[in-house]
Amino acid sequence: MRPIRFLLPLFACLLLAACASTGIRSPLATWVASPNYNARGAVIIVLHHTDQHSVQQSLDTLRSANSGGKVSSHYLVGADGHLYQLVGDDRRAWHAGPGRWGAITDLNSASIGIEIDNDGDTPFAPAQIDALIRLLDDLCTRLRIPRTQVIGHADLAPARKQDPSRFFPWQQLAQAGFGVWPRDSDGPAPAGFDAWLALQAFGYALDDRDAAAGAFHRRFRGRDDLPATLDAEDARILHSLRVQASP
């Protein structure tokens, strides 16, 4: 019995060391480790689409490199709803790149990155969105991330990115309690409402106003073909978002 009693503490130490080396894992996802990370903390969640042809291709890319260098995300959601975790929740995955959301200028250090297996030209599979919602619930609960703090890659880098595309169901996500969506009950924007100022207050950088308007239209109106300006409907949406954010 002595050897067994001796081995139990040793096994416990090895288990703790393994957890420390790989980071915090979700119980919902299959662990497929990527070496492309460093330490960080998270206050926001960033959604991407892979713009590739299969989940295996994306797993390979997220564990090696693409044309721009090494990339990774914390999670990948397969078209069938299977969840893969590549980097621990407490580690800094390399998914966001240069960009800004509100006062956050290093999104990799402040976020959880979730890639969704989708080519950017087709609707997202229902099983995939159901799995994403379960994952968001898990992450926001365990990591205490505010449920409103879910954005797209294009939101933080509108001049560079378009993901997760106009097909992404942001309204469905908001109905499940994640992100935000305008309410009809808040009515039109009042006279004198500054839509650009409201867009900036919501989080979008205005270095490139055309790109910021395009990202906003993609997310809240599901359109890529609107003029690069803000009209009365945009003002109504931004007014509602501001009302909801008010204490």
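Up top you'll find the structure we're talking about.
No experiment lies behind these values; they were computed from the predicted model shown.

Concerning the overall build of the protein
Then, in step 1: Each helix and strand counted, the protein has nine helices and eight strands in total.
Then, in step 2: By residue count, 46% of the 247 residues in the protein fall in the buried class.
Then, in step 3: If you take every contact in the protein between residues at least 6 apart in sequence, the share linking residues at least 24 apart comes to 71%.
Then, in step 4: A total accessible area of about 12,100 Å² is found for the protein, and carbon and sulfur atoms account for 56% of it.

Describing empty space enclosed by the protein
Any empty space left between the atoms is revealed when a probe the size of a water molecule rolls over them.
Then, in step 1: Throughout the structure, instances matching the rule amount to one cavity of 30 Å³ or more.
Then, in step 2: Counted as a void, the largest cavity has a volume near 60 Å³.
Then, in step 3: Of all the secondary-structure elements, those providing two or more residues to the lining of the largest cavity are α5 (153-156) and α8 (209-220).
Then, in step 4: A total of three residues in the lining of the largest cavity trace back to one element, the largest contributor, which is α8.
Then, in step 5: Here the lining of the largest cavity is composed, by residue class, of four nonpolar, three polar and four charged.

Here's the deal with the packing of helix α7 (residues 195-202) against α8
Then, in step 1: Running from amino to carboxyl end, α7 crosses α8 at an angle of 75°, the nearest separation of the two axes being 12 Å. As judged from the angle between their axes, α7 and α8 are roughly perpendicular. Seen from α7, the contacting residues are W196, L199 and F202; seen from α8, they are R209, A212, A213, F216, R219 and F220.
Then, in step 2: Across the contact of α7 with α8, the residue classes break down as seven nonpolar, no polar and two charged.

Section: the nonpolar core
Then, in step 1: L156, L199, Y204, F216, L230 and L238 are the most contacted members of the largest nonpolar core, which totals 27 residues.
Then, in step 2: Mapped by element, the contributors of at least two residues to this core are β3 (44-49), α5, α7, α8 and α9 (232-245).
Then, in step 3: Here the element with the most residues in this core is α8; it accounts for five residues.
Then, in step 4: Aside from chain neighbours lying at most four places away, what touches F216 is L199, Y204, R221, L230, D234, I237, L238 and L241.
Then, in step 5: Grouped together as the second largest cluster of nonpolar side chains are 24 residues, I114, I133, L135 and L136 included.

Overview of α9
Then, in step 1: Spanning 14 residues, α9 covers 20 Å between terminal C-alpha atoms, matching the ideal 20 Å at 1.5 Å per step.
Then, in step 2: By the burial criterion, the buried members of α9 are D234, A235, R236, I237, L238, H239, S240 and L241.
Then, in step 3: The secondary structure elements touched by the buried residues of α9 are α7 and α8.
Then, in step 4: Near the N-terminus of α9, the side chain that reaches the backbone nitrogen of E233, with its oxygen 3.1 Å away, is that of D231.

As for the sheet that holds strand β4 (residues 75-77)
Then, in step 1: The six strands lie next to each other as β1-β5-β4-β7-β3-β8, forming an open sheet whose pairing is mixed. Only two strands of the sheet have a single neighbouring strand rather than two, namely β1 (30-31) and β8 (150-152).
Then, in step 2: Judged from the three bridges that link them, β4 and strand β5 (residues 83-85) form a sheet pairing that is antiparallel. When the sheet's bridge partners are listed, L76 is paired in β5 with Y84.
Then, in step 3: Along the sheet face, helix α2 (residues 55-62) touches β4, β5 and β7 (111-116) and points at about 170° away from the line of β4.

Things to note about the pairing of β7
Then, in step 1: Judged by how many residues are buried, β7 sits mostly within the fold: six of six residues are covered.
Then, in step 2: With burial as the criterion, each face of β7 is covered, one bearing S111, G113 and E115 and the other bearing I112, I114 and I116.
Then, in step 3: Across six bridges, the pairing between β3 and β7 is parallel. Looking at β7, one finds that H49 is bridged to I116.
Then, in step 4: Of the pairings in the sheet, the one linking β4 to β7 comprises three bridges and is parallel in character. Residue V77 lies in a different strand from β7, and its bridge partner there is I116.

What counts as what
- Residues numbered from 1 in each chain as written.
- Predicted model: local features only at pLDDT ≥ 70, side-chain atom pairs only at ≥ 80, totals over all residues.
- Heavy atoms only, no water.
- Helix = DSSP H or I, 4+ residues; strand = E, 2+ residues; numbered from the N terminus.
- Buried < 20%, exposed > 50% of the residue type's maximum accessible area, 1.4 Å probe, protein only.
- Contact = heavy atoms within 4.5 Å.
- Areas by Shrake-Rupley, 256 points an atom, 1.4 Å probe, with all protein chains shown as cover.
- 1 Å grid on protein atoms, 1.4 Å probe; cavity = no way out; pocket = protein on both sides within 12 Å on 5 of 7 lines; lining within 4 Å.
- Points joined across faces, edges and corners; volume = space filled by probe spheres on them.
- Nonpolar A, V, L, I, M, F, W, Y, C, P; charged D, E, K, R; others polar.
- Axes fitted to C-alpha atoms, helices over the stretch in contact; angles between N-to-C directions.
- Parallel < 35°, antiparallel > 145°, perpendicular 65-115°, else oblique.
- Core = buried A, V, L, I, M, F, W, Y, C linked by side-chain atoms within 4.5 Å.
- Expected span 1.5 Å × (residues − 1).
- Polar contact = N/O pair within 3.5 Å; in protein donor to acceptor, adjacent residues only side chain to side chain.
- Pairing = 2+ DSSP bridges.

Read these as geometric descriptors, not functional statements.
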